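Inside the fold
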Amino acid sequence: EALCGTPEAELLAGDRSPRLDVDDELGPEEISAELAAELERMQPHGTGNPRPLFLCGGMSIRECRAVGKRGEHLKLRVGRGDRGFDAVWFGKGGMAGFLKPGERVDLVFALEGATWKGEYRFDLVVEDMRGSGG
């Protein structure tokens, strides 16, 4: 009863699920190396300049496997229509046994690009995922 009216009471009474602030919803046709490179120019990200997060719904899982020394990360190939993307979800390697090719998901992600062997590539860095209704 001592907590009534305090921020702690409001927290205990409410939904305590962490929330992600999504900056924009993108269709697969909008996800590109050009966008990833443009976002790189906005770095460094951190306090006061958070990394932009995007939502893309209805993505189909095409491939899924655990990677890393202890299988701690999840490597994905996702897509919708004729567009496909490489994605990684750090710390979620245990999900590899639960996600199946063909499953449809909504993804919240950041874009991360780098030049490797003279070629610019980008990945979707997954922050969250849920089953998709469409």
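For the structure given in this document, a descriptive report is provided here. On a predicted model such as this, the values are computed, not experimentally measured, just so you know.

Turning to the packing of aromatic side chains, a few remarks are in order. Tallied over the entire structure, the rule returns two aromatic pairs. Geometrically, the ring pair formed by phenylalanine 54 and phenylalanine 109 is tilted, given 6.1 Å between the ring centres and 40 degrees between the ring planes. You can see phenylalanine 54 sitting in strand β2 (residues 54–67) and its partner phenylalanine 109 sitting in strand β5 (residues 104–116), a full 55 residues away along the chain. Exposure remark for phenylalanine 54: the relative accessible area of 6% places this residue in the buried category. Looking at phenylalanine 109, the relative accessible area reads 0%, which means it is buried.

Most peptide bonds take the trans form, and the phi angle of most residues other than glycine is negative. Here the phi dihedral of lysine 117 falls at roughly 50 degrees; this positive angle occurs in a residue that is not glycine. With respect to the helices, strands and loops of the structure, lysine 117 is situated in the loop between β5 and β6 (119–131).

As a further point, take the pairing of β2. Sheet analysis places strand β1 (residues 24–25) next to β2, joined by two bridges and oriented parallel. Considered in β2, the bridge of aspartate 24 is made with phenylalanine 54. As defined by bridge partners, β2 adjoins β5 across five bridges and the pair is classed as antiparallel. Bridged to leucine 55 within β5 is valine 108. In this sheet, strand β3 (residues 73–80) lies alongside β2 in antiparallel orientation, the contact comprising seven bridges. Its bridge partner being in β3, valine 67 is matched across the sheet by histidine 73. Between β2 and β3, which pair antiparallel one after the other, the connecting turn spans five residues, and glycine 68 there sits at a positive phi close to 105 degrees.

When the charged atoms of two side chains lie near each other, side chains of opposite charge can form a pair. On inspection of all chains with the given rule, the structure shows seven salt bridges. One salt bridge connects glutamate 72 with arginine 70, and the closest N-O pair in it is separated by 4.0 Å. By relative accessible area, glutamate 72 is classed as partly exposed at 24%. The salt bridge partner of arginine 121 is aspartate 86, with a shortest N-O separation of 3.4 Å. Of this pair, arginine 121 sits in strand β6 while aspartate 86 sits in strand β4 (residues 83–89), and the two are 35 residues apart along the sequence. Within the structure, one salt-bridge network assembled from shared partners comprises Arg51, Glu112 and Glu127.

Criteria and cut-off values
Residues numbered from 1 in each chain as written. Predicted model: local features only at pLDDT ≥ 70, side-chain atom pairs only at ≥ 80, totals over all residues. Heavy atoms only, no water. Phe/Tyr/Trp six-rings, centres within 6.5 Å; stacked < 30°, edge-to-face > 60°. Helix = DSSP H or I, 4+ residues; strand = E, 2+ residues; numbered from the N terminus. Buried < 20%, exposed > 50% of the residue type's maximum accessible area, 1.4 Å probe, protein only. Pairing = 2+ DSSP bridges. Salt bridge = Lys/Arg side-chain N within 4 Å of Asp/Glu carboxyl O.

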